[in-house]
Amino acid sequence: MSIEKQSFGKLPDGQETSLYTLKNTAGMEARITDFGGIIVSLTAPDRVGNFADVVHGCDSLEVYLKGVPYFGAIIGRFGNRIAKGSFELDGVTYSLPINNGVNALHGGLKGFDKKVWNATAIEGKEPALKLTYLAADMEEGYPGNLSIEVVYTLQTDNTLRIDYKATTDKATVLNVTNHSYFNLSGAADVLDHEVILHADKFLPVDATVIPTGELRSVEGTPFDFTEKHTIGERINDTSYEQIVLGSGYDHCYVLTDTSSDLRLAAEVYEPQTGRVMEVFTTEPGMQFYSANHLKGDIIGKGGVTYGRRSAFCVETQHFPDSPNKPHFPTTVLRPDEVYQSTTSYKFSAK
């Protein structure tokens, strides 16, 4: 279908940003800016065919610049946390900015979420937006000149597909994801959303939310979403230590299917509207986060404030702190390799 481009404002240094609106034949829209590759809005149909926005976001670049918790952004070089902002690779110790307690989070002080990407609109039956960025050697402390490409495609079946591809000229670590906050109903919280996670294990964390290294079975815990549960059903079960440490859900799940195929990772159903979201990924894990740290101090689209647990995140990824956990799937990318990853969000209603 079509792609529309409009100005999204200027950065303090005068650099222009743009907003691209992708529309498919079914009536779905995705609005994405080249600033951080942010998904500003995404519409999905309810059971009577009404489309509504299902992601948190802001009306202007100015609000994003004031600081938001990564709404809809591309996250890199390393999504999630690296313990104490330090890792060793090929005998060299690298130090990263500390920006989350004692740890490094989501690529640093000015990660991929705060960069202006080069954007190319791809018109066609399934409109796409190709974003590219060259992360310089030692940018935010990470080695290697990293060339990365992210393609958002709005498919005819109401799927937003994200394809990631990257190469480096020096060994580095890479763990890229998208940090959209979803709310399928527009209600004040998402506690009634029904969730299935195709994951039989999760990663327990310490007091600084770094994985301990254990891959723990979800069986018999509040983290078991192998069968349908609402988000709110066990979220305040403070008898379980991991709920306390995460202030709810803020943990990486280990997907049961360990293949690198594009496979179903999560299903979410919102009973009032009938909206369904299915998440497919080639990644081994997925951070499930119940927006426990939103405080209602951010003015979102249309003047709405986003309060605690007003959304959920399903951040497909490799495991947090992988560079310091040799038994986790590796996040090392070498010059003779190509990093490739795909995640799809498919929307329907029942």
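Quick look at the structure, then. (Residues numbered from 1 in each chain as written. Predicted model: local features only at pLDDT ≥ 70, side-chain atom pairs only at ≥ 80, totals over all residues. Heavy atoms only, no water.)

### A word on the layout of surface pockets
Let me state the cut-off plainly: Site definitions follow a grid-based scheme: protein atoms alone, a 1 Å grid, a 1.4 Å probe that fits but cannot get out for cavities, and for pockets an open set with protein on both sides within 12 Å along at least five of seven lines, plus lining residues having an atom within 4 Å of a point. Grid points are joined across faces, edges and corners, and a volume is the space filled by probe spheres set on the points. Working definition: helices are DSSP H or I runs of at least four residues, strands are E runs of at least two. Numbering for both runs from the N terminus. All amino acids are sorted into three groups, where Ala, Val, Leu, Ile, Met, Phe, Trp, Tyr, Cys and Pro are nonpolar, Asp, Glu, Lys and Arg are charged, and the leftover types, Gly among them, are polar.
Reported here for the largest pocket is a volume of approximately 800 Å³. Forming the walls of the largest pocket are 37 residues, and the residues nearest its centre are Val68, Pro69, Tyr70, Asp113 and Lys114. Residue assignment for the lining of the largest pocket shows that the elements contributing at least two residues are α1 (61-66) and β24 (285-289). Class assignment of the residues belonging to the lining of the largest pocket gives a composition of 18 nonpolar, 9 polar and 10 charged. Here the second largest pocket defines a volume of roughly 330 Å³. In terms of lining residues, the second largest pocket is bounded by 21 residues, among which Glu283, Pro284, His318, Thr330 and Tyr339 are the most central.

### Topic: the side chain of Thr316
Heads up, the rule is: Summary of the burial criterion: residues with accessible area below 20% of their type's maximum are buried, those above 50% are exposed, and those between are partly exposed, where the area comes from a 1.4 Å probe applied to protein chains only. Definition of a polar contact: a pair of N or O atoms within 3.5 Å, with one able to donate and the other able to accept a hydrogen when the atoms are protein atoms, and with sequence-neighbouring residues admitted only if both atoms are side-chain atoms. The contact criterion used throughout is that any non-hydrogen atoms of two residues lie within 4.5 Å.
Within the secondary structure, Thr316 is located in strand β25 (residues 313-317). Taking the relative accessible area as the measure of exposure, Thr316 reaches 2% and is therefore buried. Engagement of the side chain of Thr316 in a polar contact is seen with the side chain of Thr343, the distance being 2.7 Å. Thr316 has contacts with Val176, Thr177, Val279, Thr281, Glu283, Gly285, Met286 and Thr343, leaving out every residue within four places of it along the chain.

### Quick look at the packing of aromatic side chains
The cut-off we apply is this: Aromatic pairing here means that ring centres of Phe, Tyr or Trp (its six-membered ring) are within 6.5 Å. Orientation follows from the plane angle: under 30 degrees is stacked, over 60 is edge-to-face, and everything else is tilted. A positively charged side chain is recorded as over a ring if its NZ (Lys) or CZ (Arg) lies within 6 Å of the ring centre. The angle to the ring normal must also be within 35 degrees.
For the structure shown, the criterion picks out 22 aromatic pairs. Measuring from ring centre to ring centre gives 5.2 Å for Phe182 and Tyr345, while their planes differ by 45°; the resulting arrangement is tilted. Of this pair, Phe182 sits in the loop between β16 (177-178) and β17 (194-197) while Tyr345 sits in strand β27 (residues 339-349), placing them 163 residues apart in sequence. Classification of Tyr345 by relative accessible area gives buried; the value is 2%. When the centroid spacing of 5.6 Å and the interplanar angle of 65° are considered together, the rings of Phe225 and Phe288 count as edge-to-face. Within this pair, whereas Phe225 is found in the loop between β19 (216-217) and β20 (229-230), its partner Phe288 is found in strand β24, the two being separated by 63 residues in sequence. With relative accessibility at 1%, the residue Phe225 sits in the buried group. By relative accessible area, which is 0% here, Phe288 ends up buried. The lysine or arginine in question, Arg234, covers the ring of Phe225, its NZ or CZ lying 4.8 Å from the ring centre. Its guanidinium or amino end placed over the ring of Tyr269, Lys350 lies 4.5 Å from that ring's centre, counting from NZ or CZ.

### Focus on the side chain of His179
Along the chain, His179 falls in the loop between β16 and β17. Of note is the side chain of His179, whose polar atom sits 3.4 Å from the side chain of His106. Residues in contact with His179, not counting those within four places in the same chain, are Pro69, Tyr70, Phe71, Gly72, Ala73, Ile75, His106, Cys313 and Glu315.

### A closer look at the pattern of salt bridges
Opposite charge on two side chains permits them to pair, given that their charged atoms come into close proximity. The condition is simple: Salt bridge, as applied in this entry: a Lys or Arg side-chain nitrogen positioned within 4 Å of an Asp or Glu carboxyl oxygen.
All chains considered together, the criterion is met by 14 salt bridges. Here Lys23 ties to Glu29 by a salt bridge, and the two come within 3.8 Å at their closest N and O atoms. Residue Lys115 is joined to Glu139 by a salt bridge in which the shortest nitrogen-to-oxygen separation is 3.9 Å. Of this pair, Lys115 sits in the loop between β10 (104-105) and β11 (118-122) while Glu139 sits in the loop between β12 (128-135) and β13 (146-154); the two residues are 24 residues apart in sequence, bridging distant segments of the chain. A residue is classified by how much of its surface remains accessible, and Lys115, at 13% relative accessible area, is buried.

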